[in-house]
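Structural description and commentary
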Amino acid sequence: MDRTPTGLHVGLIMDGNGRWAAARGLPRTEGHRRGAAAVRRAVEAAPGLGITTLTLYAFSRDNWRRPPDEVATLMGLMESFLVRERANCRRQGVRLAVIGRRDRLPPGLIRAIEETERATRHGTRLYLRLAVDYSARSAILAAAGALGSAERCDETGFLQRVNRACHSDPETPPVDLVIRTSGEQRLSDFLLFESAYAELVFIDTLWPDFDGEDLRRAIEAFRRRERRFGAVPAEIHPLPDPVAGPSAR
Ligand code: IPE
Ligand code: IPE
Ligand code: MG
């Protein structure tokens, strides 16, 4: 379950819109507006870097705690993003899905989600997941709650259930790399089950300034990492027998 079957699955925590705006004396909502352009840059750069699944954290369950006008702006921006980018996604072979809860979203946004998912369903170049009203803990809880008490399920089967619980394609692979912008170094309830062996890259760029070059550098850092999945590196020989000691080799 922890191997990469095809391309990479990258999770991106798009953080720093508010600070970007504050640094310019602008309202936070202006940072969110500029952030939408950065999403497009990331999506355009991803396939060329070997990414086949890209999950973007757009709005967390806990972001409902923000002021109502900021929440309303974010909902409006996500709706117009989905409508505007629909044709682009189709052209670029992007299959778009929104993961998370839907029942608390405004009706216009729900319609935009459903129509964009339908319009882009045949895309094969990139599976783009936008996490909206998303909480990893909620998804895990929902998947566990749906398991009957007598039911047995291995980790791959459980991952499929976690995926289903948040409206994702059940076959979405685990995450290889999580990138967070803005210098914060935490996961904030993002893909907790799926990122068990993900590499983590934290970069200082604020999300509205993020571009293809930032993504390329993060992938380069990822490629330099040695993923072990609990095993030992291939070139290291087995340790000597602890009883016999090194002389017995
Ligand atoms: C990320 O930027 C966007 C969302 C969480 C919706 P923030 O709005 O969190 O920006 P900062 O962290 O306050 O700078
Ligand atoms: C996480 O960012 C959610 C998104 C990027 C959408 P936050 O800015 O909400 O996270 P915290 O509150 O700093 O942990
Ligand atoms: Mg933030």
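Owing to the predicted nature of the structure, the values given are computational and were not obtained by experimental measurement.

**Brief notes about the overall build of the chain**
Broken down by element type, the chain carries seven helices and six strands. Secondary structure elements in the chain, listed N-terminal to C-terminal, are β-α-α-β-α-β-α-β-α-α-β-β-α. For 249 residues, the compact-globule formula gives about 18 Å, and the C-alpha radius of gyration of the chain, at 20 Å, lands near that figure. Across its three principal directions, the C-alpha atoms of the chain cover 70 × 50 × 35 Å. For the chain, the proportion of its 249 residues judged to be buried stands at 48%. Looking at the chain alone, contacts between residues at least 24 apart form 74% of all its contacts between residues at least 6 apart. Surface summary for the chain: the accessible area is close to 12900 Å², and the carbon and sulfur share equals 52%. Charged side chains of the chain number 38 positive and 33 negative; the gap between the two group centres comes to 3 Å.

**Overview of the pairing of strand 1 (residues 8-13)**
Buried residues dominate strand 1, accounting for six of its six residues. Relative to strand 2 (residues 51-60), strand 1 is paired through six bridges, and the arrangement is parallel. Across the sheet, the residue bridging to Leu12 is Leu56, located in strand 2. The pairing of strand 1 with strand 5 (residues 177-180) spans four bridges and is classified as parallel. Along strand 5, the bridge assignment pairs Ile13 with Arg180.

**Topic: unusual backbone geometry**
Residue His167 is not a glycine yet carries a positive backbone phi of 70°. For His167, the position within the fold is in the loop between helix 6 (155-165) and strand 5. With relative accessibility at 41%, the residue His167 sits in the partly exposed group. Positive phi, normally seen in glycine, also occurs at Ser188, with a value near 45°.

**Description of the site of ligand 2**
The environment of ligand 2 is made up of Ile13, Met14, Asp15, Tyr57, Ala58, Phe59, Asn63, Arg66, Arg180, Arg186 and Ser188. A distance of 3.3 Å separates an oxygen atom of ligand 2 from a polar side-chain atom of Arg66. Residue Arg180 places a side-chain N or O atom 3.3 Å away from an oxygen atom belonging to ligand 2. Contact with the protein chains covers 77% of the free accessible surface of ligand 2, which is 390 Å². According to the grid-proximity analysis, the pocket containing ligand 2 is the largest pocket. Among the elements that make up the shell around ligand 2, the one with the highest residue count is strand 2 (three residues). For the shell around ligand 2, the class distribution of residues is five nonpolar, two polar and four charged.

**Some thoughts on the packing of helix 2 (residues 28-45) against helix 3 (residues 68-92)**
Across the interface, helix 2 lies against helix 3 with an axial gap of 10 Å and an inter-helix angle of 20°. It follows that helix 2 is roughly parallel to helix 3 by the angle criterion. Crossing handedness for the pair helix 2 and helix 3: right-handed. Touching Arg28, Thr29, His32, Arg33, Ala36, Val39, Arg40, Val43 and Glu44 of helix 2 are Glu70, Thr73, Leu74, Leu77, Phe81, Arg84, Glu85, Asn88 and Gln92, all from helix 3. Split into classes, the residues belonging to the contact of helix 2 with helix 3 amount to six nonpolar, five polar and seven charged.

**So, the sheet that holds strand 2**
If you walk across this open sheet you meet the six strands as 3-4-2-1-5-6, and the pairing is parallel. Either end of the sheet is taken by a strand with one partner, and the two such strands are strand 3 (94-99) and strand 6 (199-202). Within this sheet the neighbouring strands show an average axis-to-axis angle of 20°, counted without direction. On the sheet, helix 7 (residues 212-224) packs against strand 1, strand 2, strand 5 and strand 6 and is oriented at approximately 135° with respect to strand 5.

**Description of the confidence of the model for the chain**
Looking at the chain as a whole, its pLDDT mean stands at 93, while 92% of the residues score no less than 70. Ranking the helices and strands of the chain by mean pLDDT puts strand 5 first, with 99, and helix 6 last, with 95.

Rules of the game
- Residues numbered from 1 in each chain as written.
- Chains lettered and ligands numbered in written order.
- Predicted model: local features only at pLDDT ≥ 70, side-chain atom pairs only at ≥ 80, totals over all residues.
- Heavy atoms only, no water.
- Helix = DSSP H or I, 4+ residues; strand = E, 2+ residues; numbered from the N terminus.
- Rg over C-alpha atoms; globule rule 2.2 N^0.38 Å.
- Buried < 20%, exposed > 50% of the residue type's maximum accessible area, 1.4 Å probe, protein only.
- Contact = heavy atoms within 4.5 Å.
- Areas by Shrake-Rupley, 256 points an atom, 1.4 Å probe, with all protein chains shown as cover.
- Lys, Arg positive; Asp, Glu negative; His and termini not counted.
- Charge placed at Lys NZ, Arg CZ, Asp CG, Glu CD.
- Pairing = 2+ DSSP bridges.
- Near = heavy atom within 4 Å.
- Polar contact = N/O pair within 3.5 Å; in protein donor to acceptor, adjacent residues only side chain to side chain.
- 1 Å grid on protein atoms, 1.4 Å probe; cavity = no way out; pocket = protein on both sides within 12 Å on 5 of 7 lines; lining within 4 Å.
- Sits in = over half its atoms within 2 Å of the grid points.
- Nonpolar A, V, L, I, M, F, W, Y, C, P; charged D, E, K, R; others polar.
- Axes fitted to C-alpha atoms, helices over the stretch in contact; angles between N-to-C directions.
- Parallel < 35°, antiparallel > 145°, perpendicular 65-115°, else oblique.
- Left-handed = near helix turned anticlockwise from the far one by under 90°.
- pLDDT = per-residue confidence, 0-100.

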